[in-house]
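Analysis of the macromolecular model
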Amino acid sequence: MGRKLKREVGNWVSGDRFWGRESDIASFTQFLDEGAHVLLIAPRRMGKTSLMREVARRIEPRFTCLFVDLERGSTAADAIVELSLAARPHANLGERIGDVFRSIGSRFHEIQVDELKIKLHDALAGDWQTKGDRMLGVLADHDRGAVIFIDELPILINRLLRTEGSRITPAGRAAADQLVSWLRAAAQRHQGHIRFVASGSIGLAPVLRQAGLSATMNGFTPFDLDPWDWDTARGCLLALASNYELELPAPAVSRILARLGFCVPHHVQMFFSHVYEDARRRGALVCTVSDVDRVYEERMLGSRGHAELDHMVERLRLVLDAERAELAFGLLSETAVAEALTPSSARMIVKEPAVLRELLGVLEHDGYLRLEDDGYRFVSGLVGDWWRKRFGFEHVSVEQRGYA
Ligand SMILES: Nc1ncnc2c1ncn2[C@@H]1O[C@H](COP(=O)(O)OP(=O)(O)OP(=O)(O)O)[C@@H](O)[C@H]1O
Ligand SMILES: [Mg+2]
């Protein structure tokens with residue numbers, strides 16, 4: 001009997017809910033052992049947060065791991081507050097971190113989180129850098145090495161950049177530059193004592209590129225997280241089926257994989273969850289090839305799939321100003337409707353070459369499109385199908401416009 005696996009459709013997973021990725025974990029850990037700072041890169045839902053959490057869990061005996069989530073942050077001070085809070089579970093660090101903020105001192109562990117947040121913000125007012133430096137000093141001085149996992153860093157940088165609406169402002173650029181430069185300097189200063197790992201659900205590189213800050217993360221080693229290969233995805237489906245006692249014969253498994261093509265772990269879990277719920281509704285815990293096809297059309301491409309797609313649309317709106325976001329949507333709709341986005345269609349939709357280059361850069365980096373012989377295509381057939389179903393109807397293709 002193989003392993004059993006509990007499903008999880010949405011939140012990060014670790015421990016017994018974490019599937020596969022052994023070689024990713026091994027090479028990621030090796031980078032950390034060698035003292036590298038790592039930039040973890042992958043399109044949406046590939047399992048970046050899960051990988052960081054699982055690596056942290058496994059290396060915890062050797063390193064002090066701090067996990068900082070900047071999803072809700074909007075200022076650099078917020079990042080330092082989150083970093084301080086991440087130190088709280090480490091009893092041996094608390095008091096010294098408390099000392100950095102004199103008004104808190106030894107009460108660091110006793111104060112309720114909400115009150116602590118307010119006190120930290122008060123203490124940081126006007127000068128987050130000095131306090132941030134002192135805090136990193138405490139971590140670097142610790143008997144074990146420290147790893148600081150920073151999730152959703154690009155979201156915070158992006159918010160700093162776009163202080164007013166969706167356009168990048170000079171003040172925003174200065175604020176973003178200050179934070180990334182501080183991070184880069186800290187990473188250099190504490191090399192060998194602290195390792196930084198940065199990631200996020202939008203790509204950092206396109207965000208920095210738009211602000212002209214590309215070089216600021218040069219000291220970080222890029223680490224690409226690929227989709228699951230078919231063996232891993234197959235193993236996951238069988239382990240899920242085994243746990244829920246769903247009869248999932250080999251042809252049905254192969255059909256799921258063929259339908260997905262590109263095995264984003266979240267899509268694999270979603271697909272399983274749908275075929276299982278479908279089987280339960282039918283009152284027979286067995287799933288055939290035709291069940292898979294029906295579930296794909298009715299469920300995967302249905303409202304749950306659309307909720308997932310909404311998230312992707314919303315993330316694109318985050319990194320692009322309103323006008324560019326519309327152009328990017330035009331490129332994606334054209335790709336979905338025409339199967340491939342040819343250079344001439346792309347130029348029809350986005351007239352300015354520099355803007356077209358930038359948009360295709362974002363769409364490629366964040367895993368929407370990839371360049372093939374006949375033009376750009378959706379990386380994931382599922383996302384292409386979602387896009388066509390959702391936006392294809394309203395899209396007037398380049399051919400229909402009579403341009404082609
Ligand atoms: N190693 C894994 N084992 C099992 N399921 C996984 C694994 N990695 C990811 N998943 C699935 O993908 C979902 C999302 O995982 P996670 O939040 O780690 O991805 P992410 O890349 O950080 O996503 P986002 O782009 O939204 O930040 C999980 O809820 C789970 O369904
Ligand atoms: Mg994530």
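Heads up: these notes are all about the structure in this document. All values derive from a computational prediction rather than experimental measurement.

1. Looking at the packing of aromatic side chains
Any aromatic ring pair is given by two values, namely how distant the centres are and how the planes are angled relative to each other. Applying the stated criterion across every chain yields a total of 11 aromatic pairs. Aromatic side chains W387 and F391 sit 4.7 Å apart centroid to centroid with 45° between the ring planes, which places their arrangement in the tilted category. In this pair, W387 and F391 both sit in helix α18 (residues 381-391), 4 residues apart, roughly one turn of the helix. The class of W387 is buried, set by a relative accessible area of 1%. Overall, the relative accessible area of 17% leaves F391 in the buried class. Three or more aromatic residues joined by ring pairs form one cluster here, namely F329, F378, W387 and F391. Looking at R7, its charged tip hangs above the ring of Y244, at a distance of 5.3 Å from the centre. Of note, R53 hangs over the ring of W12, and the distance from its end group to the ring centre comes to 4.2 Å.

2. Considering the site of ligand 1
Around ligand 1 sit 22 residues, and of these E8, G10, N11, R44 and S50 come closest. Contact between ligand 1 and E8: an oxygen atom at 2.4 Å from a main-chain N or O atom of the residue. Calculation on ligand 1 without its partners gives an accessible area of 630 Å², and the protein chains cover 96% of this total. At the level of secondary structure, the elements contributing two or more residues to the shell around ligand 1 comprise α2 (48-59) and α12 (265-282). Here the shell around ligand 1 is composed, by residue class, of 8 nonpolar, 8 polar and 6 charged.

3. Observations regarding the pattern of salt bridges
With the rule as written, the count across this model stands at 33 salt bridges. Between E372 and R377 there is a salt bridge whose closest N-O contact spans 3.7 Å. A residue is classified by how much of its surface remains accessible, and E372, at 31% relative accessible area, is partly exposed. Under the relative-accessibility criterion, R377 is labelled partly exposed at 25%. One network of salt bridges, in which partners are shared, links R167, D321, E323, R324 and E358.

Conventions used here
Each chain has its residues counted from 1, following the order in which its sequence is written. Lettering for chains starts from A, numbering for ligands starts from 1, and both go in the order in which the items are written. Reporting in this predicted model follows two pLDDT cut-offs: at least 70 for local features of residues, and 80 or more for side-chain atom pairs to be given and counted; totals over whole chains, interfaces and linings ignore these cut-offs and use all residues. To obtain the side-chain values, all non-hydrogen atoms of the structure were included, while hydrogens and water were left out. Pairing of aromatic rings covers Phe, Tyr and Trp, the last through its six-membered ring, and needs centres within 6.5 Å; plane angles under 30 degrees mean stacked, over 60 mean edge-to-face, and all others mean tilted. Helix and strand definitions follow DSSP, with helices as H or I runs of at least four residues and strands as E runs of at least two, each counted in order from the N terminus. When accessible area is computed with a 1.4 Å probe and restricted to protein chains, residues below 20% of their type maximum are described as buried, those above 50% as exposed, and intermediate ones as partly exposed. In this scheme, Lys NZ or Arg CZ marks a charge over a ring once it lies within 6 Å of the ring centre and within 35 degrees of the ring normal. Being near a molecule or strand, for a residue, means having at least one of its heavy atoms within 4 Å of it. Polar contacts here mean pairs of N or O atoms no more than 3.5 Å apart (in protein, one a potential hydrogen donor and the other a potential acceptor; neighbouring residues in sequence count only if both atoms are side-chain atoms). Per-residue and other accessible areas were derived by the Shrake-Rupley procedure at a 1.4 Å probe size, with only the shown protein chains allowed to occlude residues. Ten residue types, Ala, Val, Leu, Ile, Met, Phe, Trp, Tyr, Cys and Pro, are classed as nonpolar, four, Asp, Glu, Lys and Arg, as charged, and the remainder, Gly among them, as polar. Should a side-chain nitrogen of Lys or Arg be within 4 Å of a carboxyl oxygen of Asp or Glu, the pair is scored as a salt bridge.

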